[in-house]
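What follows is each chain in one-letter form.
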Amino acid sequence: MRSTMWIRQGHRWLSILFTLAVIANFVAMALGEPPPWVVYAPLPPLFLLLFTGLYMFALPYAAKWHGSKASRTHCFLSFP
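These numbers were taken from a predicted model, which means no experiment stands behind them.

1. Brief notes about a nonpolar patch on the surface
Next up, step 1: A grouping of Y40, L43, L46, F47, L50, F51 and L54 is seen on the molecular surface, where their side chains present a nonpolar patch of about 700 Å² in accessible area.
Next up, step 2: Take L50: its relative accessible area is 42%, and that puts it in the partly exposed class.

Shown next, in the form of structure tokens:
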């Protein structure tokens, strides 16, 4: 698998992890004062989502800048 595919797959799993951490945060807050590690648990996946999301956002522009064939055919989402 290419590195771009790994980043896309990692971004998907990070989004699931982030969603679960936010849900756990709300449940913990409903039960009382949560410990700090529960409150801050969503932050690491959020920062990783930011970096992987920015990378995927910049891919089409980088391909255009390099004059890649992929930017002309718009096949970034088609997987072999």
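So that's the structure; there's more coming.
2. Regarding the side chain of N25
Next up, step 1: Tracing the backbone shows N25 in helix 1 (residues 3–30).
Next up, step 2: Within the structure, the side chain of N25 is placed 3.5 Å from the backbone oxygen of V39, a separation counted as a polar contact.
Next up, step 3: Here N25 is in contact with V38, V39 and P42, once residues within four sequence places are set aside.

3. With respect to the confidence of the model for the protein
Next up, step 1: Averaged over every residue, the pLDDT of the protein is 85; residues scoring 70 or more account for 82%.
Next up, step 2: No element of the protein has a lower mean pLDDT than helix 4 (residues 69–73), which averages 51, and none a higher one than helix 1, which averages 95.

4. Describing the packing of aromatic side chains
Next up, step 1: Under the counting rule described, the total for this entry stands at one aromatic pair.
Next up, step 2: On the basis of an interplanar angle of 50° and a centroid distance of 5.4 Å, the ring pair of F57 and Y61 is categorised as tilted. Taken together, the residues F57 and Y61, both in helix 3 (residues 43–66) and four residues apart, mark about one turn of the helix. Comparing F57 with Y61 shows no difference in burial state: the two are exposed.

5. Digging into the environment of I7
Next up, step 1: You can see I7 is positioned in helix 1.
Next up, step 2: With a relative accessible area of 25%, I7 lands in the partly exposed category.
Next up, step 3: For I7 and G53, which are 46 residues apart along the polypeptide, the C-alpha to C-alpha distance reads 9.0 Å.
Next up, step 4: Setting aside anything within four residues of it in sequence, one finds I7 in contact with T52, Y55 and M56.

6. Quick word on helix 3
Next up, step 1: Over its 24 residues, helix 3 extends 34 Å from the first C-alpha to the last, a length consistent with the 34 Å expected when each residue adds 1.5 Å.
Next up, step 2: Within the sequence span of helix 3, burial applies to P45, L49, T52, M56, L59 and A63.
Next up, step 3: Just past helix 3, the residue G67 takes up positive phi, approximately 75°.

Conventions we followed
- Counting restarts for each chain, with residues numbered from 1 along the sequence as it is written.
- Per-residue local features are limited, in this predicted model, to residues with pLDDT of at least 70; the limit for side-chain atom pairs, both in listing and counting, is 80 or more; totals at the level of whole chains, interfaces and linings are taken over all residues.
- Note that the side-chain values use all heavy atoms of the structure and ignore hydrogens as well as water.
- Only residues whose relative accessible area exceeds 30% and that form no salt bridge enter a patch; like-charged residues are grouped when within 9 Å of one another, and nonpolar side chains (Val, Leu, Ile, Met, Phe, Trp, Tyr) when within 5 Å.
- Under the convention used here, a 1.4 Å probe and the Shrake-Rupley method define accessible areas, while residue burial counts only the protein chains that appear.
- The working definition used for a salt bridge is a side-chain nitrogen of Lys or Arg within 4 Å of a carboxyl oxygen of Asp or Glu.
- Relative accessibility under 20% of the residue-type maximum defines a buried residue, over 50% an exposed one, and the middle range a partly exposed one, all with a 1.4 Å probe and only protein chains included.
- Secondary structure is summarised from DSSP: a helix means a run of H or I of at least four residues, a strand means a run of E of at least two, and numbering begins at the N terminus for each.
- Polar contact is defined as a pair of N or O atoms within 3.5 Å, subject to the rule that within protein one atom must be able to donate a hydrogen and the other to accept it, and that residues adjacent in sequence are counted only when both atoms are side-chain atoms.
- The contact criterion used throughout is that any non-hydrogen atoms of two residues lie within 4.5 Å.
- Each residue gets a pLDDT score, which is the predictor's confidence in that residue and runs from 0 to 100.
- Two rings from Phe, Tyr or Trp (for Trp, the six-membered ring) form a pair when their centres sit within 6.5 Å of each other. Planes less than 30 degrees apart are called stacked, planes more than 60 degrees apart edge-to-face, and all others tilted.
- What a helix should span is 1.5 Å times the count of its residues minus one.

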